[in-house]
Amino acid sequence: MIRAHVLICGGTGCTSSGSKKIQEAFAANIEAFGLSDEVKIVQTGCFGLCALGPVVIVYPDGTFYSRVTEEDVKEIVEEHLLKGRRVERLVYNDTDAASEIADAATVALSDTTFYKSQNRVVLRNCGVIDPENIEEYIAMDGYAALGKVLTEMTPDEVIQIVKDSGLRGRGGGGFPTGLKWSLCAPNKADQKYIVCNADEGDPGAFMDRSVLEGDPHCLVEAMAIAGYAIGATEGYVYVRAEYPIAVKRLQKAIDDAREYGLLGKNIFDSGFDFNLHIRLGAGAFVCGEETALMTSIEGNRGEPRPRPPYPAVKGLFGKPTVENNVETFANIPQIILRGADWFASMGTEKSKGTKVFALGGKIKHTGLVEIPMGTTLRKIIEEIGGGIPNGKKFKAAQTGGPSGGCIPASLIDTEVDYDNLTAIGCMMGSGGLIVMDEDTCMVDMAKFFLEFTVDESCGKCTPCRVGTKRLLEMLDKITDGKGTLEDIDKLEELCRYIKQNSLCGLGQTAPNPVLATLNFFRDEYVAHVVDKKCPAGVCKNLLTFTIDKDKCIGCGLCAKNCPANAISKTDYVAPGHKLPSYEIDPSKCVKCGVCMSNCKFKAISKI
Amino acid sequence: MKSLAELQAIKDKMKNKVVLREGSNELRVVVGMATCGIAAGARPVLNALVEAVNESGLADKVTVSQTGCIGLCQYEPIVEVFEPGKEKVTYVKMDADKAKRVVEEHIKGGKVVADYTISDLNA
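Residues numbered from 1 in each chain as written. Chains lettered and ligands numbered in written order. Predicted model: local features only at pLDDT ≥ 70, side-chain atom pairs only at ≥ 80, totals over all residues. Heavy atoms only, no water.

Draft legend 1. Structural view of the overall build of chain B. The secondary structure content of chain B amounts to 5 helices and 4 strands. Across chain B, helices and strands are ordered from the amino to the carboxyl terminus as α-β-α-α-β-β-β-α-α. C-alpha atoms of chain B, sized along the principal axes, occupy 60 × 30 × 25 Å. Every one of the 123 residues in chain B was classed for burial, and the buried ones make up 46%. Nonlocal contacts in chain B, meaning residues at least 24 apart in sequence, comprise 61% of its contacts between residues at least 6 apart. (Helix = DSSP H or I, 4+ residues; strand = E, 2+ residues; numbered from the N terminus. Buried < 20%, exposed > 50% of the residue type's maximum accessible area, 1.4 Å probe, protein only. Contact = heavy atoms within 4.5 Å.)

Draft legend 2. Broad picture of the interface of chain A and chain B. Taken together, the contacts link 48 residues of chain A with 32 residues of chain B. Here chain A meets chain B over a buried area of about 3300 Å², counting both sides, of which 57% is carbon and sulfur. Inspection of the chain A/chain B interface yields 3 salt bridges. We note a salt bridge from E38(A) to R43(B), for which the minimum N-O separation is 2.8 Å. Per-class residue counts for the side of chain A that touches chain B are 23 nonpolar, 11 polar and 14 charged. (Buried area = accessible area lost by both parts, 1.4 Å probe. Salt bridge = Lys/Arg side-chain N within 4 Å of Asp/Glu carboxyl O. Nonpolar A, V, L, I, M, F, W, Y, C, P; charged D, E, K, R; others polar.)

Draft legend 3. Region of the structure containing helix α12 (residues 290-297) of chain A. Residues and elements named next belong to chain A. α12 sits mainly inside the fold: 8 of its 8 residues count as buried. The secondary structure elements touched by the buried residues of α12 are α8 (177-184), β5 (193-198), β6 (234-240), β8 (272-281) and β9 (321-325). Just past α12, the residue G299 takes up positive phi, approximately 100°.

Draft legend 4. Structural detail: the layout of surface pockets. All names here are of chain A. Computed from the structure, the largest pocket encloses a volume of approximately 1200 Å³. Secondary structure elements with two or more residues in the lining of the largest pocket: α8, β9, α16 (418-423) and α20 (505-509). Residue composition of the lining of the largest pocket, grouped by class: 14 nonpolar, 21 polar and 11 charged. (1 Å grid on protein atoms, 1.4 Å probe; cavity = no way out; pocket = protein on both sides within 12 Å on 5 of 7 lines; lining within 4 Å. Points joined across faces, edges and corners; volume = space filled by probe spheres on them.)

Draft legend 5. Focus on the pairing of strand β14 (residues 432-437) of chain A. Residue and element names in this part refer to chain A. Burial runs high along β14: 5 of the 6 residues are buried. Examined bridge by bridge, strand β10 (residues 354-361) and β14 share 4 bridges and lie parallel to one another. Pairing of G361 across the sheet is with V435, part of β14. Bridge count for strand β12 (residues 394-399) against β14 is 5 bridges, and the pairing is antiparallel. Across the sheet, T399 pairs through a bridge with L433, a residue of β14. (Pairing = 2+ DSSP bridges.)

Draft legend 6. Local environment of the packing of helix α9 (residues 207-214) of chain A against helix α11 (residues 244-259) of chain A. All names here are of chain A. In contact at an axis separation of 8 Å, α9 and α11 are set at 40° when each is read in the N-to-C sense. The angle between the axes of α9 and α11 places the two elements in the oblique class. As α9 packs across α11, the resulting crossing turns out to be left-handed. Of the residues in α11, those touching α9 at R209, L212 and E213 are I245, A246, R249 and L250. (Axes fitted to C-alpha atoms, helices over the stretch in contact; angles between N-to-C directions. Parallel < 35°, antiparallel > 145°, perpendicular 65-115°, else oblique. Left-handed = near helix turned anticlockwise from the far one by under 90°.)

Draft legend 7. Spatial organisation of the packing of helix α2 (residues 19-32) of chain A against helix α3 (residues 70-82) of chain A. All names here are of chain A. Across the interface, α2 lies against α3 with an axial gap of 9 Å and an inter-helix angle of 40°. Between α2 and α3, the angle falls in the class oblique. Here α2 runs over α3; the crossing is right-handed. Between α2 and α3, the contacting residues are K21, I22, A25, F26, N29 and I30 on the first element and E70, V73, K74, I76, V77 and L81 on the second. Among the residues making up the contact of α2 with α3, the classes are represented as 8 nonpolar, 1 polar and 3 charged.

Draft legend 8. Quick peek at the sheet that holds strand β7 (residues 264-267) of chain A. Residue and element names in this part refer to chain A. Here we have 5 strands laid out as an open sheet, ordered β7-β8-β6-β5-β9, and mixed in their pairing. Here the strands that pair on one side only, and so sit at the sheet edges, are β7 and β9. Shown here is a sheet whose adjacent strand axes are inclined to one another by a mean of 25°, direction ignored. With 2 bridges joining them, β7 and β8 adopt antiparallel strand pairing. Each bridged residue has a counterpart across the sheet, and for G264 the counterpart in β8 is F274.

Draft legend 9. Molecular detail of the nonpolar core. Residues and elements named next belong to chain A. In this structure, Y143 and W181 are the most contacted members of the largest nonpolar core, which totals 82 residues. A total of 11 residues in this core trace back to one element, the largest contributor, which is helix α10 (residues 216-230). Here this core spans two domains, and each of domain 2 (134-343) and domain 3 (354-437) adds at least three residues to it. Of all hydrophobic cores here, the second largest spans 37 residues; its members include L49, V369, F394 and Y418. (Core = buried A, V, L, I, M, F, W, Y, C linked by side-chain atoms within 4.5 Å. Domains from an automatic or database assignment.)

Draft legend 10. Region of interest: the domain arrangement of chain A. Domains assigned within chain A are domain 1 (4-111), domain 2 (134-343), domain 3 (354-437), domain 4 (442-531) and domain 5 (544-606). For domain 4 of chain A and domain 5 of chain A, the distance between their C-alpha centres works out to 37 Å.

Draft legend 11. A look at the packing of aromatic side chains. By the definition in use, this model includes 13 aromatic pairs over all chains. Consider the rings of Y193(A) and Y236(A), whose centres lie 5.9 Å apart with planes at 50°: the pair is tilted. Taken as a pair, Y193(A) in strand β5 and Y236(A) in strand β6 lie far apart in primary sequence, 43 residues in all. Neither Y193(A) nor Y236(A) differs from the other in exposure class; each is buried. Their ring planes at 15° and their centres at 6.0 Å tell us that F272(A) and F274(A) sit as a pair that is stacked. A residue is classified by how much of its surface remains accessible, and F274(A), at 0% relative accessible area, is buried. These aromatic residues form a ring-pair network of at least three members: F47(A), F64(A), Y92(A), F114(A) and Y115(A). Here the basic side chain of K355(A) rests over the ring of F357(A), its NZ or CZ set 5.7 Å away from the ring centre. It is K98(B) that lies over the ring of Y116(B); its NZ or CZ is 5.2 Å from the centre. (Phe/Tyr/Trp six-rings, centres within 6.5 Å; stacked < 30°, edge-to-face > 60°. Lys NZ or Arg CZ within 6 Å of the ring centre and 35° of its normal.)

Draft legend 12. Layout of the environment of E456(A). Residue and element names in this part refer to chain A. You can see E456 is positioned in helix α17 (residues 442-456). Here the alpha-carbon distance between E456 and C287, two residues 169 residues apart in the chain, equals 9.8 Å. Once residues lying within four places of it in the same chain are set aside, the contact partners of E456 are G283, A284, F285, V286 and L506.

Draft legend 13. Seen up close, the side chain of T291(A). As for its placement among the helices and strands, T291(A) is situated in helix α12. Of the polar contacts made by the side chain of T291(A), one reaches the backbone nitrogen of R305(A); its length is 3.1 Å. (Polar contact = N/O pair within 3.5 Å; in protein donor to acceptor, adjacent residues only side chain to side chain.)

Have a look at this one:
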């Protein structure tokens with residue numbers, strides 16, 4: 001009889017920090033201690049706290065072990081699973097009452113600060129079930145929503161409940177999902193399609209990947225429900241080939257669902273047929289744009305097409321198509337089972353439900369969080385995210401990746417939902433949230449995202465292809481210290497032109513990082529142009545490294561490590577020191593900063 | 001899949017296997033599993049408890065887990081039952097059969113098995 005479950009995260013984050021080996025070690029040790037009949041190992045999807053991986057949870061206690069190494073496994077098996085003593089040094093606990101919790105009591109995962117404020121709807125099964133086992137999904141009410149829809153509801157009723165829930169597209173745009181479905185449903189055609197956009201391309205975003213890895217059946221079920229609602233019998237999931245674990249698990253989910261008769265012909269004896277296919281993308285950012293994505297599925301080069309006609313009328317293979325993002329779909333089964341009112345009770349007036357964010361950048365708890373819409377940025381960063389490491393100050397957060405904008409520290413109390421973010425010139429985006437501290441140069445940050453869009457622009461329309469390139473050149477000029485105030489105005493003008501004239505979302509949003517930083521951090525641009533200084537000390541061409549000759553004790557470590565031989569001995573011996581000090585030749589200095597990190601006497605500074 | 005009943009059957013079959021992870025804690029049964037407990041035969045007691053709880057269909061309400069040394073080594077194997085709002089009940093010198101009786105009478109029936117409790121032993 002199984003009395004304990006050991007859940008080991010098999011998401012991409014923990015896999016890359018070695019969770020496969022941990023799993024093997026657990027299997028070997030459990031066998032060695034003769035516990036094979038009592039303890040079961042389950043490989044799950046992402047728990048969310050990727051920064052602390054590999055992550056292991058032992059149930060029924062719910063003990064959360066973080067940063068587990070192969071050497072720790074024997075101890076956990078012997079102490080915890082055999083003798084019932086938690087291995088305290090590995091237990092993750094950030095609760096305030098940490099020290100008061102007695103040995104017998106449990107620090108439940110849900111009590112930790114990281115999880116306490118979260119509300120897991122989309123991620124409810126991630127880190128709980130084995131994603132490769134269809135029966136575990138069924139045990140968690142899986143496919144009950146599909147059953148209910150096919151046996152009790154008409155397609156119109158399904159669309160109505162999605163409309164009533166207030167669910168909006170989680171891919172970034174925030175278009176009402178129910179409305180999207182209702183625009184497609186009445187269109188007559190011999191074939192209609194459901195398409196799932198799993199082409200998650202923003203740097204730093206991994207929400208969709210985690211759903212695919214942790215709960216793939218949820219997507220399969222939701223797409224079948226959407227198919228029934230609009231009268232489509234075929235579905236495609238477009239997922240990038242860089243997500244091998246996600247692709248493998250999704251394929252297994254589709255195969256298993258087919259075997260159990262949850263895909264295929266005459267599902268639940270209702271006469272409804274639905275089939276699902278995976279199409280792999282080669283990783284072009286533009287293929288995350290809905291029309292380019294469909295063009296790519298059709299086997300052509302991924303380029304957007306002009307709208308109208310909209311996909312609801314003429315989409316994939318020229319047929320009426322509904323395309324939604326992974327996270328949007330993942331909400332559907334819950335809405336069907338628990339009702340529109342339940343869903344609408346979460347969130348704000350115009351943004352219902354929850355949103356998954358991938359926290360990254362300068363933050364303690366890098367990972368995945370799901371929070372109700374309307375949670376303040378302060379709560380996300382300071383409470384759930386654990387704040388900024390190394391005592392640095394929060395400067396801004398970038399939402400929506402290369403299509404989004406930044407929220408400055410002064411607006412940290414903004415309630416995060418679609419409309420509030422749009423109002424301050426940002427966008428929700430798909431959910432990447434990159435946190436920046438005081439050491440980040442905002443001009444450099446805008447440049448980083450622009451480099452990305454210049455690379456990823458498909459080249460079909462001129463404003464995007466040429467415009468973004470010119471923008472980048474201007475930013476280069478500014479960060480090189482060669483810019484003028486006029487350049488800043490020109491930059492802004494070109495941004496607006498590109499936004500208005502580009503063919504698809506990629507170009508229309510590409511200038512956003514520049515516009516947002518210009519809006520909130522214009523003084524930094526001015527500092528680069530007028531004072532020829534980078535306030536954050538990032539832009540190399542504006543930095544000068546100098547040695548304080550009175551602090552320098554003449555050890556020569558800087559000169560020894562300088563890759564450009566730019567540091568040499570002087571004749572000056574500072575009072576109280578025995579050796580002559582060193583100096584940097586600015587004409588030879590490459591501004592790598594090696595001297596500064598080597599100097600133990602803090603004699604080198606950058607201005 | 002031809003019917004909702006079929007789906008329900010799979011769900012019922014699997015529910016006991018995943019319920020362990022939901023951590024619903026209406027009632028906690030804890031077995032002392034330090035060296036003293038194991039030496040005195042705590043493992044068969046633990047296994048009997050898990051089995052009996054599952055058989056009685058209470059797995060979604062009752063958590064069976066282990067703990068370290070409770071401190072009364074001469075009375076091992078010790079089983080403690082924690083119920084919210086009630087005083088802790090401590091059973092001592094347990095074995096597999098006694099464990100089954102505790103599940104049947106106390107956990108299912110709500111009546112403490114006075115024969116095995118520590119207070120009785122002191123008397």
